[in-house]
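Residues per chain, in single letters:
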There are 2 protein chains.
Amino acid sequence: MHSPLSQTGPSQLLASPRSAWFAAFAWALGSLNPSRPNMTALPRSAGRQADHPVDPLFIERWSRRAYTGEPVPDAVLFTVLEAARWAPSGGNSQPWRFLYSHRGSASWGAFFDLLLPGNQRWAAYASALILLASETTRLRDGQRVKATSHSFDAGAAWAQLALQAEKLGWSARAIGGFEKEKARLALGVPDDLSLEVVIALGKPAGAAMLPADLLEKEAPTSRLPLSALAFEGRFPQG
Amino acid sequence: MHSPLSQTGPSQLLASPRSAWFAAFAWALGSLNPSRPNMTALPRSAGRQADHPVDPLFIERWSRRAYTGEPVPDAVLFTVLEAARWAPSGGNSQPWRFLYSHRGSASWGAFFDLLLPGNQRWAAYASALILLASETTRLRDGQRVKATSHSFDAGAAWAQLALQAEKLGWSARAIGGFEKEKARLALGVPDDLSLEVVIALGKPAGAAMLPADLLEKEAPTSRLPLSALAFEGRFPQG
């Protein structure tokens with residue numbers, strides 16, 4: 001004996017109210033249970049389209065320039081730094097060091113002055129600026145030795161910071177264009193720290209606040225296809 | 001008139017079955033809705049304790065050595081690479097390049113031979129080895145110029161890869177201890193790529209499979225307190 005369901009095609013399934021509720025329920029279960037990711041959904045976000053079913057967070061995060069300028073609560077600032085703190089690093093050396101300044105605080109001017117004029121135009125409305133530096137030496141068996149992966153490790157910490165900011169409804173953009181030697185003097189950065197980036201942390205604002213040329217660029221960037229980035233066995237030659 | 005609830009203290013609330021169900025429901029809502037993070041929960045995981053309410057993912061991810069050796073499906077391999085692909089980078093230069101080998105494939109021996117003996121002991125049961133390299137030059141206005149943040153950017157891609165692996169129930173560990181010049185020759189790595197790490201990707205196995213000295217170390221590592229990593233305004237001197 002055939003059950004009635006065995007003769008039901010996909011379109012009929014979707015047309016049945018009971019099946020639709022069941023499908024919605026199953027979908028919700030799959031979406032909400034972190035141990036059972038939906039391996040078939042290809043997330044999209046604001047013009048970005050994933051080619052493989054990544055966690056949506058990775059395509060929802062982008063490096064905004066339009067911020068409200070509102071004060072950042074400690075609950076947000078320390079939580080994004082906490083996410084960075086748990087990043088992996090070579091030999092668990094944790095070379096990342098963070099120096100932060102709240103917008104309008106006594107130190108804000110010294111931080112803001114480090115940025116190149118092009119970045120100052122939008123970073124004026126960041127809630128905090130965070131200098132990320134990395135230790136160029138590390139302890140091994142009680143001796144200071146040259147660290148080989150400090151910049152790489154600092155980049156891992158930065159990614160975790162940026163993802164956590166996005167999860168809190170805030171956003172972060174890393175700025176490579178800043179005056180490094182001036183930063184070292186102005187902020188008392190020890191000689192054995194390498195200056196990596198200044199991170200602007202802010203609450204996203206409408207892009208309309210930006211000057212016209214920046215407004216035009218205020219959108220998530222695209223990426224090269226995976227086929228141009230990943231290869232099996234040996235690098236393609238030529 | 002006082003409602004009976006106004007005279008109910010916290011312990012009485014917990015003792016009331018109806019309130020307990022309500023509390024459980026409210027907790028579940030808060031936990032499941034990604035737009036309303038629970039800002040008061042301090043996640044714990046396997047000996048790790050967060051000091052600020054980060055997304056649990058950041059403390060749940062750790063760099064395991066014990067893997068099953070089972071084949072990694074393309075759905076997992078390409079999804080972790082896809083997460084890396086969406087990392088932020090200086091000027092969106094995307095300097096990361098990935099070269100992978102499946103355990104037991106024709107190229108596996110060439111990859112495995114690059115690892116130092118200490119890492120070979122456990123990496124033999126990784127499902128794939130992934131060489132992560134970064135472009136040391138970038139295009140700016142049609143000209144190749146020296147890239148200044150390629151290692152930092154590659155580190156951001158690595159963090160996203162590792163977090164995505166954890167989300168899929170897989171795990172990744174970055175290996176700095178490998179023979180870089182040998183890798184360049186054996187795998188045809190172009191001169192303008194810098195060799196960053198070899199990533200072991202695998203499905204977590206029980207630690208009991210490891211040799212005794214590695215078994216002892218098979219646990220999530222701790223971190224320095226945030227008070228040793230982050231400062232306001234100016235680096236502490238001395």
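The structure under discussion appears in the preceding block.
Residues numbered from 1 in each chain as written. Chains lettered and ligands numbered in written order. Predicted model: local features only at pLDDT ≥ 70, side-chain atom pairs only at ≥ 80, totals over all residues.

S.K.: Would you mind showing me how to read unusual backbone geometry here?
M.R.: Only a minority of non-glycine residues have a phi that is not negative, and only a minority of peptide bonds are not trans. All names here are of chain A. Positive phi values are uncommon outside glycine, yet Asn92 reaches one of about 55 degrees. For Asn92, a count of 13 C-beta atoms within 10 Å corresponds to the partly exposed category. Residue Asp141 is not a glycine yet carries a positive backbone phi of 50 degrees. Along the polypeptide, Asp141 turns up in the loop between strand 5 (137-140) and strand 6 (143-146). Its 5 C-beta neighbours within 10 Å are what place Asp141 among the exposed residues. (Buried ≥ 20, exposed ≤ 12 C-beta atoms within 10 Å, placed from the backbone. Helix = DSSP H or I, 4+ residues; strand = E, 2+ residues; numbered from the N terminus.)

S.K.: Please clarify how helix 7 (residues 150-167) of chain B should be interpreted in this entry.
M.R.: Helical periodicity: at 3.6 residues per turn, an α-helix aligns residues three or four positions apart in one direction. Residues and elements named next belong to chain B. Taking 1.5 Å per residue, 18 residues should reach 26 Å; helix 7 reaches 26 Å between its end C-alpha atoms and fits that length. Here helix 7 lies mainly inside the structure; 18 of its 18 residues are buried. Downstream of helix 7 by one or two residues, Gly169 has phi in the positive range, about 80 degrees. (Expected span 1.5 Å × (residues − 1).)

S.K.: What am I meant to see in the relation of the copies chain A and chain B here?
M.R.: Each of the two copies of the chain can be brought onto the other by a rotation about an axis and a shift along it. Between chain A and chain B, which share one sequence, the superposing operator has a rotation angle of 180 degrees and an axial displacement of 0.0 Å; the RMSD is 0.0 Å. The transformation just described matches what one would write down for a two-fold rotation axis. Same-surface contact between copies: 99% of interface residues of chain A are shared with the interface of chain B. (Least-squares fit on C-alpha atoms with pLDDT ≥ 70 in both. Contact = placed C-beta atoms within 7 Å.)

S.K.: Can you walk me through the interface of chain A and chain B in this structure?
M.R.: You'll often see interface size given as the accessible area lost when the parts meet. Counting from both sides, the interface comprises 68 residues of chain A and, opposite them, 68 residues of chain B. Those elements that provide at least two residues to the side of chain A that touches chain B are helix 3 (57-60), helix 4 (74-85), strand 3 (96-102), helix 7 (150-167) and strand 9 (230-232) of chain A. With 12 residues, helix 7 of chain A is the largest single contributor of residues to the side of chain A that touches chain B. Counted by class, the side of chain A that touches chain B contains 37 nonpolar, 20 polar and 11 charged residues. As paired elements, strand 3 of chain A and strand 9 (residues 230-232) of chain B share 3 bridges and run parallel to each other. Among the inter-strand pairings, Tyr100 of chain A is bridged to a residue of strand 9 of chain B, identified as Glu232 of chain B. (Nonpolar A, V, L, I, M, F, W, Y, C, P; charged D, E, K, R; others polar. Pairing = 2+ DSSP bridges.)

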